[in-house]
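Chains, contacts and geometry: an overview
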Amino acid sequence: MPPLSRDAAWTLMCEWTASPALRAHMRAVELAMRHFAPRYGGDPDYWGVVGLVHDFDYERFPNAERAADREHPTEGVNHLRSLGFPEDGCQAILGHAEFTHTPRTTDMARVLFAVDELAGFVVACALVRPSKSLADLEVKSVKKKLKDKAFARGVSREDVHAGAAELGLPLDEVIAEVIAALRPAERELGLGDA
């Protein structure tokens, strides 16, 4: 069992997050984390929980100033620590935000950083397709949209590229794996026939 059950993590995330879009984002990151965990010998349940709660404090503590030691994700991590959440999960959550200057020293931390921006970007790419689906979304389409700076402006292209580099994987492969992770749950993410 993960240190915080999936149900407890979902409840916590819903208590702190009202936005359906932000909830869907955290669910997408959960799916991607679960997908990558076996590749690195990680526990999919635990990695999934880390993905599910990585932004749960964002609405309460949005951190517009990008402070390294307060607001999101620090406040969320402080709360998780008070619940006895493992330190490697806390460090991964801190490390997904570049501005905390938290080194990503574990595979879990590197994967969270790599899939966070990319999961949201892949969903955005699917939303602008005629099908509004991941079923026909291809890696080349995602890469083309990455070059379009006007599309999904909030997504850091630098983080997307750095995330793949930190994993030591080609960006094409990371994109393909994220698409594969999200595809089975696309309706839950507001895509396809949702």
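Attention in this report is confined to the structure presented alongside it. Since the model is a prediction, treat every value here as computed from it, not as a measurement.

Focus: helix 7 (residues 139-147)
It helps to recall that an α-helix has 3.6 residues per turn; residues three or four apart then point in one direction. Here helix 7 has its buried residues at Val139, Val142 and Leu146. Angularly, the buried residues of helix 7 cover 65° about the axis, an arc narrow enough to put them on a single face. Counted as exposed and oriented over 90 degrees from the buried face of helix 7: Lys140, Lys144 and Lys147. Buried residues along helix 7 sit in contact with helix 6 (107-127), helix 8 (157-167) and helix 9 (171-182).

What to know about the packing of aromatic side chains
In total, this model carries 5 aromatic pairs according to the counting rule given. On the numbers, 4.7 Å between centres and 55° between planes, the contact of Trp16 with Phe56 is tilted. With a gap of 40 residues between them, Trp16 in helix 1 (residues 6-16) and Phe56 in the loop between helix 3 (44-53) and helix 4 (74-82) connect regions that are remote in the sequence. Under the relative-accessibility criterion, Phe56 is labelled buried at 1%.

What to know about the layout of surface pockets
Where empty space is left becomes clear once a probe the size of a water molecule has been rolled over the atoms. Roughly 520 Å³ of volume is contained in the largest pocket. Forming the walls of the largest pocket are 20 residues, and the residues nearest its centre are Asp55, Tyr58, Asp116, Glu117 and Gly154. At the level of secondary structure, the elements contributing two or more residues to the lining of the largest pocket comprise helix 2 (20-36) and helix 6. Considering each element in turn, the lining of the largest pocket owes the most residues, 3 residues, to helix 6. Residue composition of the lining of the largest pocket, by class: 7 nonpolar, 7 polar and 6 charged. Computed from the structure, the second largest pocket encloses a volume of approximately 200 Å³. Along its surface, the second largest pocket is lined by Ala21, Leu22, Ala24, His25, Ala28, Ala119, Gly120, Val123 and Leu189. Listing elements by their share of the lining of the second largest pocket, those giving two or more residues are helix 2 and helix 6. When residues of the lining of the second largest pocket are assigned to their parent elements, the largest contribution, 5 residues, is made by helix 2.

Focus on the environment of Arg157
Among the structural elements, Arg157 can be located in helix 8. Taking the C-alpha atoms as reference points, Arg157 and Leu146, separated by 11 residues in sequence, lie 6.8 Å from one another. Sequence-distant contacts of Arg157, that is, excluding residues within four places in its chain, are made with Phe121, Lys145, Leu146, Asp148, Lys149, Phe151 and Ala152. Within the structure, Arg157 has its side chain in polar contact with the backbone oxygen of Phe151 (distance 2.6 Å). Among the polar contacts made by the side chain of Arg157, one reaches the main-chain carbonyl oxygen of Val155 at a distance of 3.1 Å.

Some words on the nonpolar core
Counting residues in each nonpolar core, the largest one holds 63 residues, and the members touching the most others are Leu80, Phe85, Val122, Val178 and Leu182. Ranked by residues supplied to this core, first place goes to helix 6 with 14 residues. Aside from chain neighbours lying at most four places away, what touches Leu80 is Leu4, Leu12, Val53, Phe56, Phe85, Cys90 and Ile93.

Cut-off values and rules
Residues numbered from 1 in each chain as written. Predicted model: local features only at pLDDT ≥ 70, side-chain atom pairs only at ≥ 80, totals over all residues. Heavy atoms only, no water. Buried < 20%, exposed > 50% of the residue type's maximum accessible area, 1.4 Å probe, protein only. Helix = DSSP H or I, 4+ residues; strand = E, 2+ residues; numbered from the N terminus. Arc of directions from axis to C-beta. Contact = heavy atoms within 4.5 Å. Phe/Tyr/Trp six-rings, centres within 6.5 Å; stacked < 30°, edge-to-face > 60°. 1 Å grid on protein atoms, 1.4 Å probe; cavity = no way out; pocket = protein on both sides within 12 Å on 5 of 7 lines; lining within 4 Å. Points joined across faces, edges and corners; volume = space filled by probe spheres on them. Nonpolar A, V, L, I, M, F, W, Y, C, P; charged D, E, K, R; others polar. Polar contact = N/O pair within 3.5 Å; in protein donor to acceptor, adjacent residues only side chain to side chain. Core = buried A, V, L, I, M, F, W, Y, C linked by side-chain atoms within 4.5 Å.

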